[in-house]
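Structure at a glance
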Amino acid sequence: MNLKAVNTKVAFGFGLTLKELAVKTGYSYETARKWKGQGLPLLSGKITYEDFLVWKARHMGLESAPRKNERSRASIVGKSG
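Report on the accompanying structure. Just so it is clear, the model here is predicted, and its values are computed rather than measured. (Residues numbered from 1 in each chain as written. Predicted model: local features only at pLDDT ≥ 70, side-chain atom pairs only at ≥ 80, totals over all residues. Heavy atoms only, no water.)

**Comments concerning the side chain of Glu20**
Structurally, Glu20 is set in helix 2 (residues 18-25). What makes Glu20 buried here is its relative accessible area of 10%. Side chain to side chain, Glu20 and Lys9 meet in a polar contact 2.6 Å long. Discounting residues that sit within four places of it in the chain, Glu20 has contacts with Met1, Val6, Lys9 and Gly15. (Helix = DSSP H or I, 4+ residues; strand = E, 2+ residues; numbered from the N terminus. Buried < 20%, exposed > 50% of the residue type's maximum accessible area, 1.4 Å probe, protein only. Polar contact = N/O pair within 3.5 Å; in protein donor to acceptor, adjacent residues only side chain to side chain. Contact = heavy atoms within 4.5 Å.)

Quick look at the structure:
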């Protein structure tokens, strides 16, 4: 799996599979599969990265997800940290 291809999907707001989500987040695929059992909202087996961030924030007990401009720009193709 290619991080550049995953970042392209994120930049365009496309859904990611659990394997792609694991690559993007740096978690293991096994951990990403566990999220599915913890209520990760998948649609046809996919989730957008932005929806994942909202789910993770709520799952961690935070009141709101990070705003778009507060996230790392590393997720945008062609930009670095």
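**Points about the pattern of salt bridges**
Under the counting rule described, the total for this entry stands at 2 salt bridges. As a salt-bridge pair, Lys9 and Glu20 come within 2.6 Å of each other at their nearest N and O atoms. Of this pair, Lys9 sits in helix 1 (residues 3-11) while Glu20 sits in helix 2, placing them 11 residues apart in sequence. A salt bridge links Glu30 to Lys34; the nearest nitrogen and oxygen atoms lie 3.9 Å apart. Linking Glu30 with Lys34, this pair stays in helix 3 (residues 29-37), spanning 4 residues, or about one helical turn. (Salt bridge = Lys/Arg side-chain N within 4 Å of Asp/Glu carboxyl O.)

That's the geometry; what it means functionally is another story.
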